[in-house]
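As a plain string of letters, each chain reads:
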Amino acid sequence: MKIDKDINKITSEAMFLVSCSTELFLRFLADNSAKVAVEKKRKTIKLDHIRTAVKRHQPTSDFLLDSLPQPVQYRTRSRPNTEKPLPVGTRRIDDFFSKPAEEGPVQINND
């Protein structure tokens, strides 16, 4: 409030009232978000839980829902199959455990 150029002076009582109101609102939002997280069997409150808590309370939803960021849709991206060249004198562990292509099956003689 002190940063706002439109407000010249503010009394300490008004500042205290706004501070307490903000604290109560944040506590209310945190409690409702925690309830949503518990309903979804989660231990961490995420943005989705806050959005759900805001949607459930109509007065809060009217002014706050548009200000919350949209949930991020995570896409699974496949990594390109480009392998880095190996340093000279090294080989992949898959090559170590696989049979060479030119060798045939091992014959055991029981004489």
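Values in this document were obtained by computation on a predicted structure and should not be read as measured data.

Criteria and cut-off values
Residues numbered from 1 in each chain as written. Predicted model: local features only at pLDDT ≥ 70, side-chain atom pairs only at ≥ 80, totals over all residues. Heavy atoms only, no water. Helix = DSSP H or I, 4+ residues; strand = E, 2+ residues; numbered from the N terminus. Buried < 20%, exposed > 50% of the residue type's maximum accessible area, 1.4 Å probe, protein only. Contact = heavy atoms within 4.5 Å. Areas by Shrake-Rupley, 256 points an atom, 1.4 Å probe, with all protein chains shown as cover. Salt bridge = Lys/Arg side-chain N within 4 Å of Asp/Glu carboxyl O. Expected span 1.5 Å × (residues − 1).

Peer 1: Please explain the overall build of the protein as it appears in this structure.
Peer 2: A tally of regular secondary structure across the protein gives four helices and zero strands. In the protein, the order of α-helices and β-strands from amino to carboxyl end is α-α-α-α. Taking all 111 residues of the protein together, 14% fall into the buried category. Sequence separation of at least 24 residues holds for 16% of the intrachain contacts in the protein that already meet a minimum separation of 6. Only carbon and sulfur atoms are counted for the fraction: they give 55% of the accessible area of the protein, which is about 10,900 Å².

Peer 1: I'm lost on the pattern of salt bridges in this one. Help?
Peer 2: Side chains that differ in charge, positive against negative, can pair when their charged atoms come close. Scanning all chains against the criterion turns up three salt bridges. Residue Glu 23 pairs with Arg 27 through a salt bridge whose shortest N-O separation is 2.9 Å. Taken together, the residues Glu 23 and Arg 27, both in helix 1 (residues 12–39) and four residues apart, mark about one turn of the helix. The class for Arg 27 is partly exposed, based on a relative accessible area of 45%.

Peer 1: Help me understand the side chain of Thr 60 in this model?
Peer 2: Relative to the assigned elements, Thr 60 resides in helix 3 (residues 58–64). Beyond its immediate sequence surroundings of up to four residues, Thr 60 is in contact with Phe 25, Phe 28, Val 54 and Leu 65.

Peer 1: Can you help me understand unusual backbone geometry in this one?
Peer 2: Glycine aside, the phi torsion of most residues is negative, and most peptide linkages are trans. Backbone geometry places Lys 41, a non-glycine residue, at a positive phi of 60°. By the secondary structure assignment, Lys 41 is in the loop between helix 1 and helix 2 (47–56).

Peer 1: Which parts of the structure should I look at to understand helix 1?
Peer 2: The α-helix advances 3.6 residues per turn, and as a result positions three or four apart in sequence lie on the same side. Spanning 28 residues, helix 1 covers 41 Å between terminal C-alpha atoms, matching the ideal 40 Å at 1.5 Å per step. Along helix 1, the residues classified as buried are Leu 29, Asn 32, Ser 33, Val 36 and Ala 37. Note on helix 1: the residue one or two positions beyond its end, Lys 41, has a positive phi of about 60°.

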